[in-house]
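# Close look at the chain arrangement
So the chains spell out like this:
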Amino acid sequence: MTQTPADPQATLIDGKAMAARVRAHVARDVATLQERHGLTPGLHVVIVGDNPASQIYVRNKVAQATEAGLASVKHELPAGTAEADLLALVARLNADPAVHGILVQLPLPPQIDEQAVIAAIAPEKDVDGFHVINAGKLATGGDGLVPCTPLGCLIMLRDRLGDLSGLDALVIGRSNIVGKPMAQLLLREHCTVTVAHSRSRNLADLCRRADIVVAAVGRAHLVQGDWIKPGATVIDVGMNRVPTPEKGAGKTRLAGDVDFAAARAVAGAITPVPGGVGPMTIACLLKNTVTAACRQAGVPLPSPDSSGDA
Ligand SMILES: Nc1nc2c(c(=O)[nH]1)N[C@@H](CN(C=O)c1ccc(C(=O)N[C@@H](CCC(=O)O)C(=O)O)cc1)CN2
Ligand SMILES: [Mg+2]
């Protein structure tokens with residue numbers, strides 16, 4: 001899928017369609033695991049409080065896991081939950097052999113230390129890939145569990161570009177959840193990786209050199225169309241709420257970190273927001289749960305593929 005002079009628009013990378021393919025793959029693997037080993041991967045999702053966006057993400061996670069054949073359970077705790085009570089639930093799930101994956105939805109209310117909760121999850125059940133053991137394995141070439149959003153980005157990049165070896169990749173953002181693991185994954189793919197962030201001075205110039213741009217900085221439309229190298233692949237992780245006064249007071253819409261319309265006229269391929277990285281995040285959570293279950297049960301993955309497995 002290359003650009004032609006008659007169609008100067010970049011190819012749209014359809015995260016929704018790709019996520020459906022990943023979920024179908026997961027469902028086939030789950031059916032095979034049940035048939036061959038009597039193993040049903042179990043995913044437990046914990047939500048504390050009533051953040052409306054988190055409620056939707058958790059509902060989607062549990063529904064999509066159930067649809068793929070996983071045993072999926074939601075634990076809803078009130079906003080005022082004490083850290084000790086959440087840690088007690090995590091300890092109970094750690095000890096339960098039917099639970100292969102544990103996810104605590106972020107953000108957590110202010111009385112709870114997120115790092116303490118992440119550290120309490122057994123690393124082999126940490127399907128978010130946030131535990132320091134999994135971060136360390138990713139950084140040192142081990143086979144831990146990889147955070148879902150960067151894993152989804154990598155699957156999209158591989159699908160679009162095939163071998164990434166030698167490409168110049170710019171990751172904008174240095175969070176533990178996206179930017180840092182994304183940079184590690186791209187290094188593992190033999191890219192030349194630059195990590196920029198909100199204080200980088202020469203962002204436009206760094207961007208103009210990049211064959212791959214992953215924007216994960218959380219600033220709507222930061223990346224301009226004329227920063228994009230012609231033909232580059234642009235992955236927009238941004239999920240920013242911007243006001244839409246034309247739709248009424250207080251109304252908002254979702255916007256990425258990239259000026260989509262301007263970048264699409266220059267890039268070779270680009271992810272939309274919504275419908276790009278977001279759906280892949282949840283699909284990769286299901287994929288990680290199957291990986292975790294196979295490792296805990298000591299059975300091989302039914303269909304090991306090359307699409308970003310850790
Ligand atoms: N424990 C975790 N907490 C959080 C994570 C995470 O990976 N693990 N990531 C985000 C939220 N998130 C998943 O939890 C997530 C966010 C967005 C989407 C998504 O599909 N977005 C849609 C648009 C949704 C909308 O209209 O608001 C899209 O991009 O098409 C999926 C998952 C923070 N917390
Ligand atoms: Mg907090």
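What you see is a predicted model, and the numbers here were worked out from it, not measured in a lab. (Residues numbered from 1 in each chain as written. Chains lettered and ligands numbered in written order. Predicted model: local features only at pLDDT ≥ 70, side-chain atom pairs only at ≥ 80, totals over all residues.)

In the numbering used here, UniProt assigns the "binding site: NADP(+)" (unreviewed entry) feature to Gly-173, Arg-174 and Ser-175. Among the structural elements, Arg-174 can be located in the loop between strand S5 (168-172) and helix H7 (179-188). Here Arg-174 is in contact with Gly-179, Lys-180, Val-195 and His-197, once residues within four sequence places are set aside. Residue position: Ser-175 is located in the loop between S5 and H7. Each residue touching Ser-175, except ones within four places of it in the same chain, is listed here: Lys-180 and Ala-216. (UniProt positions renumbered as here; feature names shortened; annotations may be inferred. Helix = DSSP H or I, 4+ residues; strand = E, 2+ residues; numbered from the N terminus. Contact = placed C-beta atoms within 7 Å.)

This brings us to the UniProt feature "domain: Tetrahydrofolate dehydrogenase/cyclohydrolase NAD(P)-binding" (unreviewed entry) in the protein chain. Summarizing the sequence annotation, UniProt attributes the feature "domain: Tetrahydrofolate dehydrogenase/cyclohydrolase NAD(P)-binding" (unreviewed entry) to residues 147-296 in the numbering used throughout. As annotated, residues 147-296 comprises 37% helix and 19% strand, and the C-alpha atoms at either end are separated by 18 Å.

A word on the pairing of strand S7 (residues 212-215). Regular strands place their side chains on alternate faces of the sheet. The side-chain alternation of S7 yields two buried faces, one formed by Ile-212 and Val-214 and the other by Val-213 and Ala-215. Inspection of the sheet shows S7 paired to strand S8 (residues 233-236) by 4 bridges, in the parallel sense. Each residue of the ladder has a partner; that of Val-214, found in S8, is Ile-235. (Buried ≥ 20, exposed ≤ 12 C-beta atoms within 10 Å, placed from the backbone. Pairing = 2+ DSSP bridges.)

This part covers the site of ligand 1. Taken together, 17 residues form the shell around ligand 1, and within it Tyr-57, Leu-106, Pro-274, Gly-278 and Thr-281 come nearest. Counting residues per element, the ones that place at least two in the shell around ligand 1 are strand S4 (101-104), helix H6 (148-161) and helix H10 (277-297). Per-element accounting of the shell around ligand 1 gives the leading share, 4 residues, to H10. The class makeup of the residues in the shell around ligand 1 is 11 nonpolar, 5 polar and 1 charged. Both domain 1 (36-123) and domain 2 (147-278) contribute no fewer than three residues apiece to the shell around ligand 1. (Near = placed C-beta within 6 Å. Nonpolar A, V, L, I, M, F, W, Y, C, P; charged D, E, K, R; others polar. Domains from an automatic or database assignment.)

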